[in-house]
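Working through the structure, step by step
Single-letter residue listing:
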Amino acid sequence: MLSFDCKWSSTVPRDPFLQAGFNLRGEETDPAPRPPLQDSQGAHWKNAVGFWLLGLCNNFSYVVMLSAAHDILSHQRTAGNQSHVDPDPTPTSHNSSSRFDCNPVSTAAVLLADILPTLIIKLLAPLGLHLLPYSPRVLTSGICAAGSFLLVAFSHSVMISLCGVVLASISSGLGEVTFLSLTAFYPRAVISCWSSGTGGAGLLGALSYLGLTQAGLSPQHTLLSMLGIPTLLLASYFLLLTSPGPQDPRGEEDSDTAARQPLINNEASESKPGSGSPLSLQERWTVFKGLLHYIVPLVLVYFAEYFINQGLFELLFFRNTFLTHAEQYRWYQMLYQAGVFASRSSLRCCPIRHTWVLALLQCLNLAFLLVDVWLSFLPSIYLIFLIIVFEGLLGGAAYVNTFHNIALETSDEHREFAMATACISDTLGISLSGLLALPLHDFLCQLT
(Lines give C-alpha, C1' and ligand atoms only; values in the text may rest on other atoms or scores of the structure.)
Protein backbone atom coordinates (compact mmCIF):
# COMPACT_ATOMS: atom_id res chain seq x y z
CA MET A 1 0.00 0.00 0.00
CA LEU A 2 1.41 3.39 -0.97
CA SER A 3 1.85 5.89 1.84
CA PHE A 4 2.28 9.65 1.98
CA ASP A 5 5.53 10.24 3.83
CA CYS A 6 4.99 13.91 4.68
CA LYS A 7 5.44 15.81 7.91
CA TRP A 8 3.51 18.99 8.45
CA SER A 9 4.00 22.20 10.34
CA SER A 10 1.37 23.42 12.72
CA THR A 11 1.58 26.81 11.03
CA VAL A 12 -0.57 27.95 8.15
CA PRO A 13 0.97 28.80 4.74
CA ARG A 14 1.22 32.39 3.49
CA ASP A 15 -0.32 33.35 0.17
CA PRO A 16 2.20 35.22 -2.01
CA PHE A 17 -0.04 35.07 -5.07
CA LEU A 18 -2.94 36.66 -3.25
CA GLN A 19 -0.66 39.25 -1.71
CA ALA A 20 0.48 40.17 -5.21
CA GLY A 21 -3.13 40.30 -6.46
CA PHE A 22 -3.11 36.98 -8.34
CA ASN A 23 -4.05 33.42 -7.51
CA LEU A 24 -2.25 30.21 -8.50
CA ARG A 25 -4.17 30.05 -11.75
CA GLY A 26 -2.75 33.43 -12.86
CA GLU A 27 -6.07 35.26 -12.34
CA GLU A 28 -6.61 38.55 -10.54
CA THR A 29 -8.22 38.24 -7.16
CA ASP A 30 -8.92 40.25 -4.05
CA PRO A 31 -6.76 39.62 -1.00
CA ALA A 32 -8.20 36.69 0.92
CA PRO A 33 -8.67 36.72 4.68
CA ARG A 34 -6.72 34.33 6.89
CA PRO A 35 -8.46 30.92 6.87
CA PRO A 36 -9.84 29.65 10.17
CA LEU A 37 -7.51 27.33 12.08
CA GLN A 38 -9.92 24.41 11.87
CA ASP A 39 -9.61 24.46 8.08
CA SER A 40 -5.81 24.47 7.99
CA GLN A 41 -5.35 20.79 8.75
CA GLY A 42 -7.71 19.81 5.95
CA ALA A 43 -5.83 22.09 3.57
CA HIS A 44 -2.54 20.49 4.63
CA TRP A 45 -3.80 17.02 3.77
CA LYS A 46 -5.30 18.16 0.48
CA ASN A 47 -1.94 19.64 -0.50
CA ALA A 48 -0.11 16.51 0.67
CA VAL A 49 -2.29 14.25 -1.46
CA GLY A 50 -2.26 16.79 -4.29
CA PHE A 51 1.52 17.00 -4.57
CA TRP A 52 1.86 13.22 -4.21
CA LEU A 53 -0.56 12.69 -7.10
CA LEU A 54 1.14 15.39 -9.17
CA GLY A 55 4.47 13.62 -8.73
CA LEU A 56 2.87 10.29 -9.61
CA CYS A 57 1.10 11.52 -12.75
CA ASN A 58 3.90 13.77 -13.96
CA ASN A 59 6.52 11.00 -14.17
CA PHE A 60 4.18 8.17 -15.17
CA SER A 61 4.40 8.52 -18.97
CA TYR A 62 8.18 9.00 -18.79
CA VAL A 63 8.60 5.76 -16.83
CA VAL A 64 6.24 3.77 -19.03
CA MET A 65 8.16 4.80 -22.16
CA LEU A 66 11.43 3.58 -20.64
CA SER A 67 9.77 0.33 -19.55
CA ALA A 68 8.47 -0.12 -23.10
CA ALA A 69 11.82 0.77 -24.70
CA HIS A 70 12.70 -2.81 -25.64
CA ASP A 71 9.24 -3.32 -27.14
CA ILE A 72 9.36 -0.02 -29.05
CA LEU A 73 12.66 -1.00 -30.69
CA SER A 74 11.32 -4.49 -31.47
CA HIS A 75 8.37 -2.86 -33.22
CA GLN A 76 6.67 -4.84 -35.99
CA ARG A 77 3.36 -4.77 -37.87
CA THR A 78 0.73 -7.39 -37.81
CA ALA A 79 -1.61 -8.35 -40.61
CA GLY A 80 -4.39 -5.79 -39.94
CA ASN A 81 -1.95 -2.85 -40.21
CA GLN A 82 -2.23 -2.59 -36.45
CA SER A 83 0.71 -1.62 -34.30
CA HIS A 84 1.63 -4.63 -32.23
CA VAL A 85 4.56 -5.99 -30.30
CA ASP A 86 4.32 -9.53 -29.06
CA PRO A 87 4.28 -9.24 -25.25
CA ASP A 88 5.89 -12.66 -24.86
CA PRO A 89 8.13 -13.15 -27.87
CA THR A 90 10.28 -16.17 -28.49
CA PRO A 91 13.82 -15.09 -27.61
CA THR A 92 15.73 -14.77 -30.84
CA SER A 93 19.02 -13.07 -31.38
CA HIS A 94 18.90 -9.85 -33.36
CA ASN A 95 22.64 -10.04 -33.92
CA SER A 96 23.76 -13.60 -34.45
CA SER A 97 27.46 -12.67 -34.51
CA SER A 98 27.36 -11.24 -30.98
CA ARG A 99 27.30 -13.02 -27.64
CA PHE A 100 24.64 -10.47 -26.63
CA ASP A 101 21.02 -10.52 -27.78
CA CYS A 102 21.13 -6.98 -29.18
CA ASN A 103 18.47 -4.83 -30.78
CA PRO A 104 19.77 -3.05 -33.90
CA VAL A 105 19.42 0.21 -31.93
CA SER A 106 20.26 0.62 -28.25
CA THR A 107 17.46 1.32 -25.81
CA ALA A 108 19.48 4.47 -25.10
CA ALA A 109 17.82 5.88 -28.24
CA VAL A 110 14.49 5.78 -26.41
CA LEU A 111 16.19 7.32 -23.38
CA LEU A 112 17.48 10.23 -25.47
CA ALA A 113 14.05 10.82 -27.02
CA ASP A 114 12.63 10.67 -23.49
CA ILE A 115 15.12 13.13 -21.98
CA LEU A 116 16.55 15.62 -24.51
CA PRO A 117 13.31 17.69 -24.79
CA THR A 118 13.24 17.75 -20.98
CA LEU A 119 16.83 18.99 -20.93
CA ILE A 120 16.00 21.84 -23.33
CA ILE A 121 12.98 22.85 -21.24
CA LYS A 122 14.99 22.85 -18.03
CA LEU A 123 17.85 24.84 -19.58
CA LEU A 124 15.44 27.53 -20.76
CA ALA A 125 13.17 27.50 -17.70
CA PRO A 126 15.26 29.74 -15.41
CA LEU A 127 15.42 32.38 -18.16
CA GLY A 128 11.72 33.12 -18.47
CA LEU A 129 9.35 30.21 -17.86
CA HIS A 130 8.23 31.92 -14.64
CA LEU A 131 6.56 34.60 -16.78
CA LEU A 132 4.01 32.03 -17.99
CA PRO A 133 1.19 31.35 -15.49
CA TYR A 134 1.05 27.92 -13.89
CA SER A 135 -2.31 26.86 -15.32
CA PRO A 136 -1.32 26.89 -19.02
CA ARG A 137 1.86 25.00 -18.16
CA VAL A 138 -0.04 22.28 -16.31
CA LEU A 139 -2.63 22.00 -19.09
CA THR A 140 0.11 21.66 -21.73
CA SER A 141 1.81 18.97 -19.66
CA GLY A 142 -1.39 16.93 -19.39
CA ILE A 143 -2.18 17.19 -23.11
CA CYS A 144 1.35 16.09 -24.07
CA ALA A 145 1.15 13.09 -21.72
CA ALA A 146 -2.11 11.92 -23.28
CA GLY A 147 -0.72 12.50 -26.77
CA SER A 148 2.34 10.37 -26.00
CA PHE A 149 0.25 7.33 -25.05
CA LEU A 150 -1.93 7.69 -28.15
CA LEU A 151 0.93 8.23 -30.59
CA VAL A 152 3.01 5.29 -29.39
CA ALA A 153 -0.03 3.01 -29.15
CA PHE A 154 -1.18 3.66 -32.74
CA SER A 155 2.20 4.12 -34.42
CA HIS A 156 3.37 1.86 -37.24
CA SER A 157 7.09 2.58 -37.08
CA VAL A 158 9.87 3.13 -34.60
CA MET A 159 10.26 6.75 -35.70
CA ILE A 160 6.62 7.64 -34.96
CA SER A 161 6.89 5.84 -31.62
CA LEU A 162 9.94 7.94 -30.77
CA CYS A 163 7.90 11.06 -31.55
CA GLY A 164 5.41 9.87 -28.95
CA VAL A 165 8.28 9.40 -26.50
CA VAL A 166 9.29 13.02 -27.18
CA LEU A 167 5.79 14.15 -26.15
CA ALA A 168 6.17 12.21 -22.89
CA SER A 169 9.47 13.99 -22.33
CA ILE A 170 7.94 17.42 -22.89
CA SER A 171 5.16 16.57 -20.46
CA SER A 172 7.50 15.32 -17.76
CA GLY A 173 10.08 18.10 -18.12
CA LEU A 174 7.58 20.95 -18.17
CA GLY A 175 5.68 19.40 -15.27
CA GLU A 176 8.76 18.88 -13.11
CA VAL A 177 9.97 22.46 -13.51
CA THR A 178 6.46 23.77 -12.86
CA PHE A 179 5.64 21.71 -9.79
CA LEU A 180 9.06 22.01 -8.14
CA SER A 181 8.81 25.78 -8.54
CA LEU A 182 5.29 25.62 -7.13
CA THR A 183 6.58 23.97 -3.91
CA ALA A 184 8.23 27.31 -3.04
CA PHE A 185 4.76 28.67 -2.18
CA TYR A 186 3.83 25.82 0.17
CA PRO A 187 5.31 24.37 3.36
CA ARG A 188 8.63 22.66 2.69
CA ALA A 189 7.16 19.27 3.58
CA VAL A 190 5.40 19.11 0.20
CA ILE A 191 8.81 18.38 -1.36
CA SER A 192 8.73 15.02 0.41
CA CYS A 193 5.22 14.40 -0.93
CA TRP A 194 6.24 15.32 -4.48
CA SER A 195 9.36 13.14 -4.33
CA SER A 196 7.42 10.19 -2.93
CA GLY A 197 4.87 10.59 -5.72
CA THR A 198 7.56 10.58 -8.41
CA GLY A 199 8.94 7.40 -6.86
CA GLY A 200 5.44 5.94 -6.89
CA ALA A 201 5.21 6.79 -10.59
CA GLY A 202 8.32 4.74 -11.22
CA LEU A 203 7.02 1.75 -9.32
CA LEU A 204 3.43 1.85 -10.56
CA GLY A 205 4.42 2.74 -14.12
CA ALA A 206 6.92 -0.07 -14.47
CA LEU A 207 4.79 -2.54 -12.52
CA SER A 208 1.61 -1.80 -14.47
CA TYR A 209 3.38 -2.17 -17.81
CA LEU A 210 5.04 -5.39 -16.68
CA GLY A 211 1.86 -6.81 -15.14
CA LEU A 212 -0.47 -6.01 -18.04
CA THR A 213 1.89 -7.34 -20.70
CA GLN A 214 2.64 -10.45 -18.63
CA ALA A 215 -1.11 -10.99 -18.34
CA GLY A 216 -1.33 -11.14 -22.13
CA LEU A 217 -2.38 -7.59 -23.01
CA SER A 218 -0.58 -6.17 -26.04
CA PRO A 219 1.63 -3.11 -25.50
CA GLN A 220 -0.83 -1.12 -27.62
CA HIS A 221 -3.79 -1.82 -25.35
CA THR A 222 -1.59 -1.47 -22.26
CA LEU A 223 -0.71 2.10 -23.27
CA LEU A 224 -4.32 2.97 -24.09
CA SER A 225 -5.39 1.76 -20.63
CA MET A 226 -3.17 4.45 -19.08
CA LEU A 227 -4.97 7.45 -20.59
CA GLY A 228 -6.64 8.20 -17.27
CA ILE A 229 -3.32 9.33 -15.76
CA PRO A 230 -3.18 12.73 -17.57
CA THR A 231 -6.77 13.39 -16.48
CA LEU A 232 -5.80 12.67 -12.87
CA LEU A 233 -2.89 15.12 -13.21
CA LEU A 234 -5.21 17.94 -14.26
CA ALA A 235 -7.78 17.09 -11.58
CA SER A 236 -5.09 17.06 -8.86
CA TYR A 237 -3.90 20.54 -9.78
CA PHE A 238 -7.17 22.30 -10.58
CA LEU A 239 -9.45 20.58 -8.05
CA LEU A 240 -7.32 19.30 -5.17
CA LEU A 241 -4.56 21.81 -4.43
CA THR A 242 -5.50 24.78 -2.27
CA SER A 243 -4.14 28.28 -2.81
CA PRO A 244 -1.28 28.82 -0.36
CA GLY A 245 -2.46 30.63 2.75
CA PRO A 246 -0.59 32.74 5.31
CA GLN A 247 2.37 30.96 6.83
CA ASP A 248 5.42 31.43 8.97
CA PRO A 249 8.26 31.41 6.44
CA ARG A 250 10.28 29.05 8.61
CA GLY A 251 7.74 26.69 10.10
CA GLU A 252 8.74 23.61 12.06
CA GLU A 253 12.12 23.25 10.40
CA ASP A 254 13.74 26.27 12.08
CA SER A 255 16.11 24.06 14.04
CA ASP A 256 17.28 22.21 10.92
CA THR A 257 17.86 25.41 8.97
CA ALA A 258 19.75 27.09 11.78
CA ALA A 259 22.26 24.24 11.88
CA ARG A 260 23.05 24.55 8.19
CA GLN A 261 25.28 26.88 6.18
CA PRO A 262 23.07 28.98 3.89
CA LEU A 263 23.75 28.86 0.17
CA ILE A 264 24.03 32.64 0.08
CA ASN A 265 25.35 34.71 2.96
CA ASN A 266 23.50 37.99 2.98
CA GLU A 267 21.29 40.05 5.18
CA ALA A 268 18.42 40.23 2.71
CA SER A 269 14.99 40.28 4.22
CA GLU A 270 13.04 37.04 4.18
CA SER A 271 10.45 37.79 1.53
CA LYS A 272 8.36 35.03 0.05
CA PRO A 273 8.71 33.96 -3.59
CA GLY A 274 6.86 36.20 -5.98
CA SER A 275 6.48 38.99 -3.42
CA GLY A 276 9.49 41.05 -4.52
CA SER A 277 11.18 42.22 -7.69
CA PRO A 278 12.64 39.64 -10.10
CA LEU A 279 16.14 38.39 -9.32
CA SER A 280 18.97 40.12 -11.14
CA LEU A 281 21.45 38.17 -13.27
CA GLN A 282 24.08 38.62 -10.55
CA GLU A 283 21.75 37.16 -7.92
CA ARG A 284 20.90 34.22 -10.19
CA TRP A 285 24.58 33.51 -10.79
CA THR A 286 25.29 33.68 -7.05
CA VAL A 287 22.45 31.27 -6.31
CA PHE A 288 23.67 28.90 -9.04
CA LYS A 289 27.21 28.81 -7.64
CA GLY A 290 25.82 28.04 -4.21
CA LEU A 291 23.88 25.10 -5.65
CA LEU A 292 26.86 23.42 -7.33
CA HIS A 293 27.78 21.21 -4.37
CA TYR A 294 24.33 19.63 -4.72
CA ILE A 295 24.01 19.77 -8.51
CA VAL A 296 27.29 17.96 -9.30
CA PRO A 297 26.62 14.85 -7.11
CA LEU A 298 23.08 14.56 -8.49
CA VAL A 299 24.38 14.76 -12.07
CA LEU A 300 26.85 11.93 -11.30
CA VAL A 301 24.19 9.78 -9.62
CA TYR A 302 21.83 10.02 -12.57
CA PHE A 303 24.59 9.60 -15.13
CA ALA A 304 25.68 6.33 -13.52
CA GLU A 305 22.21 4.88 -12.96
CA TYR A 306 20.83 5.65 -16.40
CA PHE A 307 24.01 4.42 -18.05
CA ILE A 308 23.20 1.16 -16.25
CA ASN A 309 19.49 1.27 -17.07
CA GLN A 310 19.59 2.12 -20.76
CA GLY A 311 23.12 1.09 -21.65
CA LEU A 312 23.60 -2.17 -19.72
CA PHE A 313 20.16 -3.58 -18.86
CA GLU A 314 19.66 -4.86 -22.39
CA LEU A 315 23.09 -6.52 -22.31
CA LEU A 316 22.61 -8.17 -18.90
CA PHE A 317 20.85 -11.09 -20.56
CA PHE A 318 20.69 -14.52 -18.89
CA ARG A 319 19.85 -17.35 -21.28
CA ASN A 320 19.52 -20.03 -18.58
CA THR A 321 16.35 -18.62 -17.00
CA PHE A 322 12.60 -18.93 -17.49
CA LEU A 323 12.32 -15.23 -18.42
CA THR A 324 12.62 -14.11 -22.03
CA HIS A 325 14.90 -11.20 -22.91
CA ALA A 326 12.00 -8.74 -23.06
CA GLU A 327 10.66 -9.99 -19.72
CA GLN A 328 14.08 -9.66 -18.09
CA TYR A 329 14.31 -6.06 -19.27
CA ARG A 330 10.85 -5.25 -17.83
CA TRP A 331 11.77 -6.86 -14.51
CA TYR A 332 14.97 -4.82 -14.32
CA GLN A 333 12.97 -1.64 -14.85
CA MET A 334 10.35 -2.57 -12.28
CA LEU A 335 12.89 -3.50 -9.56
CA TYR A 336 14.85 -0.32 -10.16
CA GLN A 337 11.69 1.75 -9.77
CA ALA A 338 10.77 -0.13 -6.59
CA GLY A 339 14.09 0.94 -5.07
CA VAL A 340 13.53 4.52 -6.20
CA PHE A 341 10.07 4.63 -4.65
CA ALA A 342 11.27 3.25 -1.33
CA SER A 343 14.10 5.77 -0.98
CA ARG A 344 12.13 8.78 -2.24
CA SER A 345 9.59 8.04 0.48
CA SER A 346 12.23 7.73 3.23
CA LEU A 347 13.12 11.36 3.86
CA ARG A 348 11.55 11.48 7.30
CA CYS A 349 13.28 8.27 8.38
CA CYS A 350 16.68 8.78 6.81
CA PRO A 351 17.68 12.33 5.79
CA ILE A 352 21.11 12.52 4.15
CA ARG A 353 23.20 15.69 4.09
CA HIS A 354 26.30 14.51 2.20
CA THR A 355 24.85 13.45 -1.13
CA TRP A 356 28.31 12.99 -2.67
CA VAL A 357 28.46 9.63 -0.86
CA LEU A 358 25.48 8.46 -2.91
CA ALA A 359 27.22 9.59 -6.11
CA LEU A 360 30.33 7.59 -5.23
CA LEU A 361 28.34 4.42 -4.50
CA GLN A 362 26.37 4.76 -7.73
CA CYS A 363 29.55 5.10 -9.78
CA LEU A 364 30.87 1.93 -8.12
CA ASN A 365 27.63 0.20 -9.13
CA LEU A 366 28.20 1.25 -12.73
CA ALA A 367 31.80 0.01 -12.75
CA PHE A 368 30.81 -3.36 -11.26
CA LEU A 369 28.01 -4.03 -13.74
CA LEU A 370 30.12 -2.86 -16.67
CA VAL A 371 32.77 -5.41 -15.74
CA ASP A 372 30.07 -8.08 -15.46
CA VAL A 373 28.75 -7.25 -18.95
CA TRP A 374 32.30 -7.64 -20.28
CA LEU A 375 33.25 -10.81 -18.35
CA SER A 376 29.83 -12.35 -17.48
CA PHE A 377 31.03 -13.58 -14.09
CA LEU A 378 27.76 -13.27 -12.12
CA PRO A 379 26.14 -16.73 -12.07
CA SER A 380 22.52 -15.77 -11.38
CA ILE A 381 20.02 -13.16 -12.50
CA TYR A 382 18.87 -12.82 -8.88
CA LEU A 383 22.18 -11.18 -7.97
CA ILE A 384 21.53 -8.66 -10.72
CA PHE A 385 18.06 -8.10 -9.25
CA LEU A 386 19.58 -7.19 -5.85
CA ILE A 387 22.11 -4.80 -7.37
CA ILE A 388 19.39 -3.08 -9.38
CA VAL A 389 17.24 -2.54 -6.27
CA PHE A 390 20.29 -1.01 -4.54
CA GLU A 391 20.86 1.20 -7.58
CA GLY A 392 17.28 2.49 -7.32
CA LEU A 393 17.65 3.16 -3.60
CA LEU A 394 20.72 5.32 -4.23
CA GLY A 395 19.07 7.26 -7.05
CA GLY A 396 15.87 7.99 -5.15
CA ALA A 397 17.73 9.03 -2.01
CA ALA A 398 19.93 11.43 -3.98
CA TYR A 399 16.90 13.10 -5.58
CA VAL A 400 14.77 13.68 -2.50
CA ASN A 401 17.65 14.72 -0.23
CA THR A 402 19.09 17.13 -2.78
CA PHE A 403 15.86 19.10 -3.10
CA HIS A 404 15.13 18.86 0.61
CA ASN A 405 18.56 20.30 1.45
CA ILE A 406 18.18 23.07 -1.12
CA ALA A 407 14.79 24.01 0.33
CA LEU A 408 16.33 24.29 3.78
CA GLU A 409 19.39 26.26 2.72
CA THR A 410 17.90 28.84 0.35
CA SER A 411 16.19 32.02 1.41
CA ASP A 412 12.53 32.39 0.59
CA GLU A 413 13.16 34.96 -2.14
CA HIS A 414 15.58 32.61 -3.95
CA ARG A 415 13.85 29.27 -3.44
CA GLU A 416 11.63 29.24 -6.54
CA PHE A 417 14.60 29.97 -8.81
CA ALA A 418 16.84 27.49 -6.95
CA MET A 419 14.33 24.66 -7.32
CA ALA A 420 13.82 25.33 -11.05
CA THR A 421 17.58 25.49 -11.59
CA ALA A 422 18.57 22.41 -9.58
CA CYS A 423 16.06 20.18 -11.36
CA ILE A 424 18.29 20.28 -14.44
CA SER A 425 20.79 18.04 -12.58
CA ASP A 426 19.09 14.69 -13.13
CA THR A 427 18.21 15.55 -16.73
CA LEU A 428 21.78 16.56 -17.57
CA GLY A 429 23.16 13.34 -16.09
CA ILE A 430 20.60 11.22 -17.94
CA SER A 431 21.32 12.97 -21.25
CA LEU A 432 25.06 12.41 -20.94
CA SER A 433 24.51 8.75 -20.10
CA GLY A 434 22.30 8.26 -23.16
CA LEU A 435 24.87 9.84 -25.48
CA LEU A 436 27.63 7.55 -24.19
CA ALA A 437 25.46 4.43 -24.00
CA LEU A 438 24.74 4.48 -27.75
CA PRO A 439 28.36 3.93 -28.92
CA LEU A 440 28.96 1.48 -26.06
CA HIS A 441 25.99 -0.60 -27.23
CA ASP A 442 27.32 -0.69 -30.79
CA PHE A 443 30.82 -1.61 -29.61
CA LEU A 444 29.71 -4.45 -27.31
CA CYS A 445 27.29 -5.85 -29.86
CA GLN A 446 30.17 -6.30 -32.29
CA LEU A 447 31.92 -8.63 -29.85
CA THR A 448 31.77 -12.33 -30.70
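The rules behind these values
Residues numbered from 1 in each chain as written. Predicted model: local features only at pLDDT ≥ 70, side-chain atom pairs only at ≥ 80, totals over all residues. Heavy atoms only, no water. Helix = DSSP H or I, 4+ residues; strand = E, 2+ residues; numbered from the N terminus. Buried < 20%, exposed > 50% of the residue type's maximum accessible area, 1.4 Å probe, protein only. Contact = heavy atoms within 4.5 Å. Areas by Shrake-Rupley, 256 points an atom, 1.4 Å probe, with all protein chains shown as cover. 1 Å grid on protein atoms, 1.4 Å probe; cavity = no way out; pocket = protein on both sides within 12 Å on 5 of 7 lines; lining within 4 Å. Points joined across faces, edges and corners; volume = space filled by probe spheres on them. Nonpolar A, V, L, I, M, F, W, Y, C, P; charged D, E, K, R; others polar. Phe/Tyr/Trp six-rings, centres within 6.5 Å; stacked < 30°, edge-to-face > 60°. Lys NZ or Arg CZ within 6 Å of the ring centre and 35° of its normal. Patch = residues over 30% accessible without salt bridge, like charges linked within 9 Å, V, L, I, M, F, W, Y side chains within 5 Å. Salt bridge = Lys/Arg side-chain N within 4 Å of Asp/Glu carboxyl O. Polar contact = N/O pair within 3.5 Å; in protein donor to acceptor, adjacent residues only side chain to side chain. Expected span 1.5 Å × (residues − 1). Bend = angle between axes of the 7 residues up to and from the residue.

Looking up the chain in an unreviewed UniProt entry gives the name CLN3 lysosomal/endosomal transmembrane protein, battenin, with the organism given as Ovis aries.

Here we take up the overall build of the chain. Check the secondary structure of the chain and you find 16 helices and two strands. Buried positions account for 59% of the 448 residues belonging to the chain. Counted over contacts in the chain with a minimum sequence separation of 6, partners at least 24 positions apart contribute 87%. In the structure as shown, the chain presents an accessible area of about 17,700 Å², 66% of it carried by carbon and sulfur atoms.

Moving on, we come to unusual backbone geometry. A positive phi angle, near 50°, is found at Ser 376, a position not held by glycine. You can see Ser 376 is positioned in the loop between α13 (356-375) and α14 (381-409).

Inspection of the entire model under this criterion finds four cavities of 30 Å³ or more. The volume enclosed by the largest cavity comes to roughly 230 Å³. Lining of the largest cavity is provided by 22 residues; of these, Asn 59, Tyr 62, Tyr 306, Arg 344 and Asp 426 occupy positions nearest its centre. Elements with a contribution of two residues or more to the lining of the largest cavity: α2 (37-67), α4 (108-128), α6 (158-182), α11 (281-312), α12 (325-344), α14 and α16 (424-445). By residue number, the principal contributor to the lining of the largest cavity is α12, which donates four residues. The residue makeup of the lining of the largest cavity, split by class, is nine nonpolar, eight polar and five charged.

Let's shift gears to the environment of Ser 141. Position of Ser 141 among the secondary structure elements: in helix α5 (residues 134-154). The sequence separation of Ser 141 and Gly 175 amounts to 34 residues, and the corresponding C-alpha distance is 5.9 Å. When neighbours within four sequence positions are excluded, Ser 141 is seen to be in contact with Asn 58, Ser 171, Leu 174, Gly 175 and Leu 233.

This next bit is on the packing of aromatic side chains. The tally for this structure, following the rule as stated, stands at 16 aromatic pairs. Among the aromatic residues, those joined into a cluster by ring pairs are Phe 313, Tyr 329, Tyr 332, Tyr 382 and Phe 385. Here Arg 137 stacks its cationic end above the ring of Tyr 134, 4.4 Å away from the centre of that ring.

In this section: a nonpolar patch on the surface. A cluster of nonpolar side chains, contributed by Trp 356, Val 357, Leu 360, Leu 361, Leu 364, Phe 390 and Leu 393, occupies part of the molecular surface with about 610 Å² of accessible area. Secondary structure elements with two or more residues in the nonpolar patch: α13 and α14. Tallying contributions element by element places α13 first for the nonpolar patch, with five residues. With respect to the element layout, Leu 361 can be found in helix α13.

Time to look at the side chain of Ser 431. Inspection of the secondary structure puts Ser 431 in helix α16. Within the local environment of Ser 431, its side chain forms a polar contact with the backbone oxygen of Thr 427, the two atoms lying 2.8 Å apart. Residues within four places of Ser 431 in sequence aside, it is in contact with Leu 112, Ile 115, Leu 116 and Leu 119.

Turning next to the environment of Tyr 302. With respect to the secondary-structure elements, Tyr 302 resides in helix α11. Along the backbone, Tyr 302 and Thr 427 are 125 residues apart, and their C-alpha atoms lie at a distance of 7.8 Å.

Okay, α11 next. If you check α11, its first and last C-alpha atoms are just 41 Å apart, much less than what 32 residues at 1.5 Å a residue would give, namely 46 Å. Along α11, the sharpest kink reaches roughly 55°, centred on Leu 292.

Let us look at the pattern of salt bridges. With the rule as written, the count across this model stands at five salt bridges. Across the pair Glu 409 and Arg 353 runs a salt bridge, and its minimum N-O distance is 3.3 Å. In this pair, Glu 409 sits in helix α14 while Arg 353 sits in the loop between α12 and α13, placing the two residues 56 residues apart along the sequence. What makes Glu 409 buried here is its relative accessible area of 4%. Arg 353 sits in the partly exposed class, given a relative accessible area of 33%. Here Asp 412 makes a salt bridge to Arg 415, at a shortest N to O gap of 2.5 Å. Pair noted here: Asp 412 and Arg 415 are both in helix α15 (residues 412-422), with a separation of three residues, about one helical turn. Arg 415 carries the same exposure label as Asp 412, and that label is buried. The network of salt bridges with shared partners includes Lys 122, Glu 176 and Asp 426.

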